[in-house]
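# Structural overview for review
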There are 2 protein chains.
Amino acid sequence: MGDDCAATLIGAGKVLLSSTDTLAEDVHFSLTYSPPTLIGRKLVNISVSDISGMGGVPLFLLLALTMPGTIDDSFVKELYTGVNSACREHNIVLIGGNISSTPGENPMVLTSTILGEAAPDDIIYRSGASAGDIIYVTGTLGDSALGLKGLEIDGPTALTRSPFREAVSRHLDPSPRLNIAKTIARNNLATSMMDVSDGIASDLPGLAKESNLSAVVDLNKLPHSKEMLLYMSKEADGLEMMLAGGEDYELLFTAKPENKNEIQRLAKEEDLRVTAIGQMEETTEDSVTVRFVDNNGDEVDIKKKGFDHYL
Amino acid sequence: MGDDCAATLIGAGKVLLSSTDTLAEDVHFSLTYSPPTLIGRKLVNISVSDISGMGGVPLFLLLALTMPGTIDDSFVKELYTGVNSACREHNIVLIGGNISSTPGENPMVLTSTILGEAAPDDIIYRSGASAGDIIYVTGTLGDSALGLKGLEIDGPTALTRSPFREAVSRHLDPSPRLNIAKTIARNNLATSMMDVSDGIASDLPGLAKESNLSAVVDLNKLPHSKEMLLYMSKEADGLEMMLAGGEDYELLFTAKPENKNEIQRLAKEEDLRVTAIGQMEETTEDSVTVRFVDNNGDEVDIKKKGFDHYL
């Protein structure tokens, strides 16, 4: 930490993976309901999720924190407690940091850059899918957006008292799917993969585009939590949250139909739901299309492509 | 660029160097006098300077730009023109980027993370100095602070019309000393090195501390530009700028006395002034001390350790 740069090694013959991500106050988090330790954990984990999305192993983290000069020392200390706890969980070494102050009461801007590695053959790109591949998603969708709604309604107490408290916890303290991503990568089970950060309504078209394919998704197969089911029994926008809420940090991947059993066996081993939600298709027109269909196979027009403030 | 991470290779057996740095609007630059292309160039070059400070080779850059939603497309385009021009100059590939928007009129926060490489034996740390080593600095000191003052007095026209226009240019568009740093590293000419980003009044104590030594600097040997000489003939704070102005992005390094001629030969070859300004000494007390002395060898009390807004 004393030098101009961190000097580190990556494994011989390994590919270096790197990604940079920002959490901006009042855009990605609010000090009124995010405990500083959880902001610190999330700052690390959104970056870990990018490494997961390619089947890699996270190694090193660099932080660039821009904060108003008026910020409490205790805030910074708690933020680092969260950063360190997430780093410890994933065996990541914090190798660099830069703190700058903004004048006045400007919002914080927290940027993390993660470095990881993978064997060249283990990396899973978005571009590797073929027509006929099954589309899978891990865990459940829309919980982060539901949790945000819980926080907006109930404030900070939502984490313990909201009917959607598991969703609140997923919003404030998301878990990247690192273990299953590594296992999928090492066993060559996926043809393409990415993390779900904006919601599948915008993430899947991204994957389809890189693979130069179209896709069809069965809306009835989208995996939802019990809390989302409860919410959907009362409110109309649950489906939008599942498609476009974003920040779920689940994995979206495609696999050959013959790997179906192996994927389900793996899911059971990891105690994580893995759901087939659709299929990749040849692109019949010039442009990539992702269709969403209902029980009868009829196309449903999805207008909302992601909450604007998440893009 | 289409995937969650950039996947890149570094040379076999090389050490990975990484560093992250932030330019915050109204702290490190002002839109009233910084052309966007030069902000883009500076964002790259402050990171290149960190790689220079260790004798490495820059390879890849990741940017995280946080800007108000109201920002002009043309601003972003010009910023990237500057980023690309600096990347081209140093053979750097821009491998990742993240743009997030801040609400309202909040100031921009621009973070760059650079990745580079070096052979393990070529890396120059701050910790390698020995007592008796000569302290060198490249180029001239204080020009960036002088340029900032020129901008504060004359506004944007200072770049072409100020009596300190070369200093203004050094402030807005600093040049990292990459070439000479690489040559110094490959020829094992320095025992320790760093870039001068905060001013030697705070950077040299940092180097001395890492080397567990003290140091003495001859104030009369500090290299100044013609413009600084002109300024000092009229104003009293030139020496403070040279010591604590910061953002000069010169190299501060130590070398064995027997390498003196080789260093001067190299400086001539690179057409860059390299000046011996002092010497490393054993630490006689428990703590590192950096003394500044005048012509007569008498200690001068340096109170100002760096402009607060640069720290």
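Our structure is the block above this text.
A few points on the structure. (Residues numbered from 1 in each chain as written. Chains lettered and ligands numbered in written order. Predicted model: local features only at pLDDT ≥ 70, side-chain atom pairs only at ≥ 80, totals over all residues. Heavy atoms only, no water.)

### Remarks on the sheet that holds strand 6 (residues 134–138) of chain B
Two strands in a sheet stick together by hydrogen bonds in their backbones, pointing the same way (parallel) or opposite ways (antiparallel). Residues and elements named next belong to chain B. With mixed pairing, six strands are arranged side by side in an open sheet as 7-9-6-10-8-11. Looking at strand neighbours, the two that pair on one side only are strand 7 (192–196) and strand 11 (290–293), the edges of this open sheet. Across the sheet, the axes of successive neighbouring strands diverge by a mean angle of 25°, strand direction being ignored. Of the strand pairs in this sheet, strand 6 and strand 10 (residues 274–281) are connected by five bridges, and their pairing is antiparallel. What sits directly across from Y136, in strand 10, is A276. Packing of helix 7 (residues 200–211) onto the sheet brings it into contact with strand 6, strand 7, strand 8 (214–218), strand 9 (250–255), strand 10 and strand 11, and relative to strand 7 it is tilted by some 155°. (Pairing = 2+ DSSP bridges. Helix = DSSP H or I, 4+ residues; strand = E, 2+ residues; numbered from the N terminus. Axes fitted to C-alpha atoms, helices over the stretch in contact; angles between N-to-C directions. Contact = heavy atoms within 4.5 Å.)

### Comments concerning the pairing of strand 6 (residues 134–138) of chain A
Residue and element names in this part refer to chain A. Judged by how many residues are buried, strand 6 sits mostly within the fold: five of five residues are covered. Of the two faces of strand 6, the one carrying I134, Y136 and T138 and the one carrying I135 and V137 are both buried. Note that strand 6 and strand 9 (residues 250–255) share four bridges and pair antiparallel. Within strand 9, the residue paired with I134 across the bridge is A255. (Buried < 20%, exposed > 50% of the residue type's maximum accessible area, 1.4 Å probe, protein only.)

### A short note on the packing of aromatic side chains
Residue and element names in this part refer to chain A. Under the counting rule described, the total for this entry stands at four aromatic pairs over all chains. Geometrically, the ring pair formed by Y136 and F253 is stacked, given 5.2 Å between the ring centres and 15° between the ring planes. Placement of the pair is Y136 in strand 6 and F253 in strand 9, with a sequence separation of 117 residues. In this pair, the class of Y136 matches that of F253, namely buried. Note on F164 and Y231: the rings are 5.7 Å apart at their centroids and 80° apart in plane angle, and the pair reads as edge-to-face. (Phe/Tyr/Trp six-rings, centres within 6.5 Å; stacked < 30°, edge-to-face > 60°.)

### Concerning the interface of chain B and chain A
Listed per partner, the contact involves 49 residues of chain B and 49 residues of chain A. A buried area of about 3900 Å², summed over both sides, lies between chain B and chain A, and 58% of it is on carbon and sulfur atoms. The largest contributions to the chain B side of the interface with chain A come from D4, C5 and L16 of chain B, which together make up 17% of the buried area. The tally of links from chain B across to chain A stands at two salt bridges. Two residues, D4 of chain A and R126 of chain B, come together in a salt bridge whose shortest N-O distance is 2.5 Å. (Buried area = accessible area lost by both parts, 1.4 Å probe. Salt bridge = Lys/Arg side-chain N within 4 Å of Asp/Glu carboxyl O.)

### Description of helix 7 of chain B
Residues and elements named next belong to chain B. The end-to-end C-alpha distance of helix 7, which contains 12 residues, comes to 15 Å, matching closely the 16 Å that a straight helix rising 1.5 Å per residue would cover. Among all positions of helix 7, only I200, A201, D203, L204, L207, A208 and S211 are buried. Of the residues flanking the end of helix 7, it is N212, one or two places downstream, whose phi is positive at about 55°. (Expected span 1.5 Å × (residues − 1).)

### Brief notes about the packing of helix 3 (residues 143–154) of chain B against helix 5 (residues 165–172) of chain B
All names here are of chain B. Packing of helix 3 against helix 5 leaves a shortest axis separation of 7 Å and a crossing angle of 105°. Considering their axes alone, helix 3 and helix 5 lie roughly perpendicular with respect to each other. Counted together, D143, S144, L146, G147, L148, G150 and L151 of helix 3 and A167, V168, R170, H171 and L172 of helix 5 form the full contact between these two elements. For the contact of helix 3 with helix 5, the class distribution of residues is six nonpolar, four polar and two charged. (Parallel < 35°, antiparallel > 145°, perpendicular 65-115°, else oblique. Nonpolar A, V, L, I, M, F, W, Y, C, P; charged D, E, K, R; others polar.)

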